Amino acid sequence: MARAWQHPFLSVFRHFKVDEWKRSAKEGDVATVMDKTLKCTVYRVRGSVSASNYIQLPRTGTQSLGLTGRYLYVLFRPLPPRHFVIHLDVFTEDSQVIRVSFSSLFKEFKSTATWLQFPFICEAGTPRKDAAGVPPTGARWTCLQLDLHDLLLVYLNRRYGHLKSIRLCASLLVRNLYTSDLCFDPAVTAPEARRAKLPVTPMPREMAFPVPKGQSWHDRYVHIRFPSDSSKGVSTLGQKNGSLPEAGLSALCSTGSAALSSTAAFLGHVPRLLPHSAPFNKPTQVSMSPEVQMHDPAASCRVPSAPRPLPEISMSCERLEVSSVGGPSGRGQEPSAWAEATDKCVNSTNVHVSAHELAVVPVAPEDVAPHEPPCREQSGQQAALGKNRFQQRSFLPDPILRLKGVIGFGGHSTRWVRRPMRLLACALWTKDGAAVVYPCHAVIVMLHVDTRQQRFFLGHTDKVSALALDGSNSLLASAQARAPSMLRLWDFQTGACLSLFRSPVHVVCSLSFSDSGALLCGTGKDRHGRTVVVAWDTAQVGRGGEAVLLTKVHTDADIQAFKVAFFDETRMASCGRGGVRLWRLRRGGLRSCAVDLGEHHALEFTDLAFGQDLDSCTLYVCGRSGHILEIDHQHMAVRRARRLLPTQTPSGPLPKRQTFSSGPGIAISSLSVSQVTCAVGSEDGYLRLWPLDFSSVLLEAEHEGPISSVCVSPDGLRVLSTTSSGHLGFLDVPSREYSVLMRSHTALVLALATKCRQEHLATVSQDHTVRVWDLVTLQQLYDFTSPKEAPRAVAFHPTQPTFFCGFSGGAVCSFSLEATEVLVEHRCHRGAVTGLATSPDGSFLFSSCSRGSLAQYDCAATQCRVLRVAANVVCQDAHMSPNALVVSGDSRLLAFVGPSKYTVTIMDTASLDELLRVDISALDGTSSRLDSAVAVCFGPAPPGHLLVSTSSNTVVVLDTTSGRMVRELSGVHPTACPSLALSRDGRFLLTAADRAIKVWDYLMQANLGCQVYIGHSEPVQAVAFSPNQQQLLSVGDAIFLWDILAPNERLPPGSVRGSPGAPPACEAGPGAFSVSDDEGPSEESHGPKGLRQASGSALLVKEADRVVDAACGAAGDSWGLSMPPHPCGQPSAQSPRRARAQPAAHPDSCEPFMSQGKASSLAKVGQSVSSPPASSERLHLKAVVGYSGNGRANVVWRPDTGFFAYTCGRLVVVEDLHSGAQQHWLGHPEEISTLALSHDAQVLASASGHSSTASCGQIRLWEVPGGSCRQLISHRDPTVRALAFSPDDRLLITLGYDGDCTLALWSMSTYELLSSTRLPEPVHGVAFNPWHAGELACVGQGAITLWLLQQRGADVSLQVHRERIPEEVRAGKLTSLCYGAMPLLYCGSDTGQVCVWDTRACRCFLAWEADNSEIGVLLCSGVRLVSGSDSGRLRLWAVEAMLELRRKGSGARSSSVFMERELTLDGAIVSAVFHDSMDMGVAGSVAGTLWYINWAEGTSTHLISGHRSKVNEVAFSPSESHCATCSDDGSVRVWSLASMELVIQFQVLNQSCLCLAWSPPSCGRPEQQQVAAGYSDGTLRVFSISRTAMELKMRPHLAALTAIAFSADGQTILSGDKDGLVAVSRLCTGMTLRVLSDQRGAPISTIQSTSKEDGDFGVEGTDLWLAASGDQRVSIWASDWPQGHCELMDWLSFPAPALMEAPGCPVPSLAAFCPWDGALLVCAGLGVHREVIFYSLRHKQVVEKIPLPFFAVSLSLSPGARLMAIGFAECVLRLVDCTSGAVQDFAGHNDSVRLCRFTPAGRLLFTAAHREILVWEVTGC
């Protein structure tokens, strides 16, 4: 509750006097302006970089606002076109600082223990998939009301204390901030509230926005309250629907879901905050949705928004696709400023590689790797990799794990090499002193000291041996141990690895940066043990260059420390055993000179530091003898020598003050110097802080072990210390308090255990300690040490605050966490304890030892007691494994390896009676070697499975009742797997072996998918799931905590989704079901009551036993269905059982059709285009690259005739599968949605949506033999969902989309409409009965409809029988259907169920769970069924027993229904067609890929595969044998021009490739061809075509590259970015020669380079090049790059054009040199007129203009003929003959023609519209 002075509200700006800037701070462009809307002064914060332009309250981070009001009101308005960021630092009641951030820059919700990030999305009222981004121009003033109390409670389960600080970052306008405990309504004034007696608190006048008289508050402003009270209702409903809690924050206002569309225009641009659901610390989760207030003329009070689905957004993380906003798969990566660790080898915070890469590549792979298509011939190694890739497919989300935290400290040290190797225990301060950087074995961690937030630098594959950070915190250098030593240079701010190279030193011992970061020095040992000093030039690393080796020097001097002077990067110093040396870098060489130490020449020195005063020339050196020497490094002489003595003299009883004098000294391991103090760390465990005159100790802190390093922060206020015992902390000098940052084990961690009801973790280690950790804070809670016996196993008591530990001496101890003492010790074992397990109900404890004994304890009481001890039961020579002894989840069964290593025994936990013994060696009768068990693990019960890891690298799944083998997973790891774990719901299997962790999709029955994660530098000892199942833990060298990014799916009691078999069988009567024995009991329905479907006049309804007939004439009046209420209400409000079955939102949605193309403007185009006669066309469409993956059933294939057709945009592509030749059927005005082929394969039907000239959809009937359009039919629905021919091909049925769902019947003889019926609800599929031409079926929302056609003359009547989906099917809607053997009908559902219907009896008699996501495709032939789902799984089922099951009725069991094969494709399955034998077929995915499926071989092969995103550029080889394309999907693909087959693919993850260029023929031999590509992160990569590898990577730009070109000689690369900068880089060195900023401020749209004669046009140079920018400017330059000459030759500037006809499509500036006249420049898109101009470079004037019907968006000129190709945003391509002036226009594109390129010879023309590529053949050349 706020203090009295903060009541009723507090004006933050006024209280802290922001206008005086004394108690607040501003940075960058911050000014006060007058706002016309509010009519008052506001603060404007703007700038291109948000972090550099802000207002901060209070002034410094050490102060606090101390505001305790529950609500924070932020009155602001976003400033387009920039992003904005708002940071709030909030104190919790337990003194934890939580940062809450809101920004339009964020694209998904992110959550850590100390940071919440909410995306603030501005959009024009209508949800869209890519909503995140820049605020629109019409952004309005917003009142953002934040409930800080609920926000922390909901997302982090913490209690709000007070508001600490606020930072408002560019770009925005802010009026003020207010805090209050009252919830104000900004739209209601005090008089209105009193007059209407509304139960709301009106906004005070000071806080209110002005509203002109007669206008509504909501017309002018936006109010967002987050979290809101109305979300509680949404939470309840969401939980019933089975969806996970939605943390959405929305400002889309509506009074109901139905009003959303109607209010979109009313609202205009409104923002929306869209966070994903966050992880919770407790099982009880509360879903918070927004409360948006809208003024309703009918009511003045607030109306909470009705529950509605949130739109989907896209999230990219290493092949991670689209995920639902509300689903937990949306829990993306850590906040970008703290969790991204992306480099050449690692993307995001996960070291994630595919299954085969771990075994082949010893280091993490480069993010760019060439991929060859599977159709090419492969070597033996490649074939093996391909087989492995097929056997171990990945699954979604990918990656499924994200590294959240690391508990550990230390790396590999080579200091004091005459002693044994020890951990590297060093740490560094950042420049601002807010964070520390330290190694944790192979991981480098940056830890924020206040928030304890961790950020990781991932990529090393072995322990880190050295670290160095430059003075500006721009570069971080690290070296890994074990020869050959690899060095990495990191961008410290972003975490990206800038350079990876091998050191000439065999083992690197230390690294040191110069203050500027331009020089890096390292020391180490060569192969012969000699000391080596190396220096690298790192000045160009941050600019895209590489580290350059300057010199390498061998020396006989011992070096323990080496540092570069901060004041002069050419001077260094080193110390070691026997001396101190001063070094100097001069003329490319390193020279050294020893300092004359006099009597101290024999000392062993350990560390040194330069004095921080610039005028000082002092060097401080410390040694193991306790000496500290002050050396004048200019005169190379010792000034003073001091020695640290023990704290207590032998004769004195009391300790004395610390002094420096003679006598025995204390070994000093490290020192660090500030301007006024010197910190000293010694091996007696003391950290001492001295003044520089060392007169007395200022502060000292005692540690638990010897101090290994100390480091004073840059401001001198904090001293960081590390110890050899794994301790990291700092001493705060002003407060004299010591804070522990990290504790860690100092040896290998052997085992772990988690506390079920608390977030606690216990670990045991070879360092003889048992430690208990808090999984939330990652801090150590308890530490138990056993000096004599090493702990080997650990287990928590499930209910009591105790844990048990087994030791190497055979003891089993019980520890109390409350009393922190040993409760009882048992010694019933004679050997080392090998296993320890407690029953989940807390009744029993079991332990086993290496001598084979098994002990049972009663642990129900506090003092556990021994019940039984059985000898020779457990295997004595088994592998050491934490999974040696396990108890089932129901506490009934105990399993272990024994009595021999070849057997596994299952016992009763209460009596220890042996229930089952399985011989593992006999499971595989074909193997000649004996297989032994390594580890065991129980699965969830039921069904009662035991997983056994064997020595043959196999995991065997056994039935715990019969002992039979249920499944076998072979080749799990290259070595035996000592640890495995299965999630509580049976979805994920964890295995660990060596240094790798694998996560398996345990639900997949065939080709089990897995993902592999590395990061440990030593073998992983154990893995386990956290108690809440949202994280997993792995231990070895350190403790790793991983977030699981998969959505949580709740299963009903008694069911396990480990097998799709055992489906429920149905009763003989309609609607009655009986559950099979394998299924658990059904749940009681608790769905909402009183919900009924809309009823109308009954027509043609057959419900149960009654039939109502009516005739439907050709007119087809609208009709409705009258139905009794659904047992569970409407499908949208489902019961808990049905909610369980609802699949989580999947990245690839299986919706039938959503046009991705641009809306056609035919009404406007038709007046301006000039279509040529068929005989005189200059362009002939030769090939199309791409497939429309957003359609449904849009691929057809007849194996007997070889006819194969599919859709690509508005084209029907008919392809010969043998030759690859294509035919293209054009005519549709919009994108084609579906296809259907007649049964005689003579007619093909295609359907497309409506256009601007017609409101109806279009159906075309094509003659298959000739390819001509036989008939054009207009359909009343805007979009056709499905087409189907009757078995006799006399009828065609069409089904409309949801908006106007109409079922129409057409005659194929007269093409007349026979019947048309508007359906009352969406129908998702239709099919004719192949056994009866007059029967058809439809599936849809909650029911199946069977139709009977009866024709009497010209009239057609329809009889309808409608059956509801039985409750036991657990499906809200049916999404697909197909007929099987008569009279069977198979239907797929949105929950993954397949149900089988008897069409004669009109009943469903069987259902089984065929997948865990929506079934979009079903095909049946004979006894085999194929199902395809939106999870990408294609499964083959054996259904030969279905007719027998139908006859059994209620006694039917489905054990004969089993899955034969399974394949996982690259996206949702949207279309499929198979041979009658079902052995082979073709399947299409939403990713735009067509696959050839061979079930016999179990393979899937690419048939058609285009880019997944927009194509940005195409470039051609000089010989025209190949071409290269690039796309937003990050790929560069090289195609063969002859066949248009994919040859090579280079893929960069998480980036978009925006521009491309092929090296010219002058750059060298043909086999040395290169392709240069520019990416969205500012990097430029050069790929070798012959070597299929990346040759060069540099970063000449900070912004995205938008244009790129080679110079005429091919040795220089010109690149332009979106900020208007042009960089000139040399290909041979990778260096950027110069950066031209003449066109700064607008993106560079075009760069072109050509050659010219020296002196031509009156300027020197042989290169002529141009750069065009988006602000209508073109610059022409002449250059001679080898001579370093570049001169501006001409400059063109034009006025900006008017707005385009196509909104949102900006006019690009296009320019090109004329290929047939080098003195002409051709430009388009420049100026206010729609025209192409020819500009003479000699006469400096425009010589010709060609008018255009629209603004050009792409331009290309043919070198072979005087032809010019122009692409328009209106989906039209124009070809202009510049000689005759003839014009020809071509249609067929589905989107804006934003790319057109002639080949070098001009014989082919490439055009691209979005992701489809069209190849045109130019005639008459």
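Let me sum up the structure you'll find in this document. Keep in mind that this is a model prediction, so the values were computed, not measured. Each chain has its residues counted from 1, following the order in which its sequence is written. Reporting in this predicted model follows two pLDDT cut-offs: at least 70 for local features of residues, and 80 or more for side-chain atom pairs to be given and counted; totals over whole chains, interfaces and linings ignore these cut-offs and use all residues. Note: side-chain values were computed over all heavy atoms of the structure, leaving out hydrogens and water.

### Describing the overall build of the protein
Condition: Put simply, DSSP marks the helices as runs of H or I at least four residues long and the strands as runs of E at least two long, and each gets a number from the N terminus on. Burial classification: accessible surface area is computed with a 1.4 Å probe over protein chains only, and a residue below 20% of its type maximum counts as buried, one above 50% as exposed, and the rest as partly exposed. Contact criterion: two residues are considered in contact whenever any of their non-hydrogen atoms come within 4.5 Å of each other. Using a 1.4 Å probe, the Shrake-Rupley method yields the accessible areas, and only the shown protein chains count as cover for residues.
Looking only at helices and strands, the protein features 12 helices and 138 strands. Buried positions account for 62% of the 1821 residues belonging to the protein. A separation threshold of at least 6 residues defines the contact pool for the protein, and within that pool the share at least 24 residues apart is 53%. Of the accessible surface of the protein, which amounts to about 66,800 Å², a share of 50% is contributed by carbon and sulfur atoms.

### Details of the sheet that holds strand E41 (residues 618-623)
How we decide: In this analysis, strands are considered paired if DSSP registers two or more bridges between them. What counts as an axis is a line fitted to C-alpha atoms, over the stretch in contact for a helix, and the angles between N-to-C directions run from 0 to 180 degrees.
Spatially, 4 strands are ordered E40-E41-E42-E43 in an open sheet, and the strand pairing comes out antiparallel. Two strands close off the open sheet at either side, each with one partner strand: strand E40 (605-610) and strand E43 (637-643). Geometrically, the sheet is characterised by an average inter-axis angle of 20 degrees between neighbouring strands, direction not taken into account.

### A short note on the sheet that holds strand E116 (residues 1553-1558)
Reading across from one edge, E116-E117-E118-E119 is the order of the 4 strands in this open sheet, with antiparallel pairing throughout. Edge strands, defined here as strands with exactly one partner in the open sheet, are E116 and strand E119 (1589-1594). Across the sheet, the mean angle separating the axes of adjacent strands is 20 degrees when strand polarity is ignored. Where strand E117 (residues 1570-1575) lies against strand E118 (residues 1580-1584), 5 bridges are found, and the strand directions are antiparallel. The residue bridging Val1571 from the neighbouring strand is Phe1583, located in E118.

### Topic: the nonpolar core
Put simply, the rule is: To qualify as a nonpolar core, a set must consist of buried Ala, Val, Leu, Ile, Met, Phe, Trp, Tyr and Cys residues joined through side-chain atoms within 4.5 Å.
Val436, Tyr438, Leu720 and Leu728 are the most contacted members of the largest nonpolar core, which totals 51 residues. Broken down by element, this core gets its largest block of residues, 5 residues, from strand E78 (residues 1039-1044). When residues no more than four places from it in sequence are discounted, the contact partners of Leu720 are Ala427, Leu428, Trp429, Val436, Ser709, Val710, Cys711, Leu728, Gly729, Phe730 and Leu741. By size, the runner-up hydrophobic cluster in this structure holds 46 residues, among which are Leu146, Leu148, Leu151 and Leu152.

### Some words on helix H2 (residues 148-156)
When you tally the buried positions in H2, you get 7 out of 9 residues, the bulk of the element. At the C-terminal side of H2, Asn157 shows a positive phi close to 60 degrees.

### A look at a negative patch on the surface
Going by this rule: Note on patches: the residues involved have over 30% relative accessible area and no salt bridge, like charges join within 9 Å, and the nonpolar side chains Val, Leu, Ile, Met, Phe, Trp and Tyr join within 5 Å. Note on definitions: salt bridges are taken to be side-chain nitrogens of Lys or Arg within 4 Å of carboxyl oxygens of Asp or Glu. Charge counting follows a simple rule: Lys and Arg are positive, Asp and Glu are negative, and His as well as the terminal groups are ignored. Lysine's charge is taken at NZ, arginine's at CZ, aspartate's at CG and glutamate's at CD.
Together, Glu1653, Asp1654, Glu1660 and Glu1687 give the surface a local cluster of negative charge. Relative to the helices and strands, Glu1660 resides in the loop between strand E124 (1644-1651) and strand E125 (1663-1669). By relative accessible area, Glu1660 is classed as exposed at 54%.

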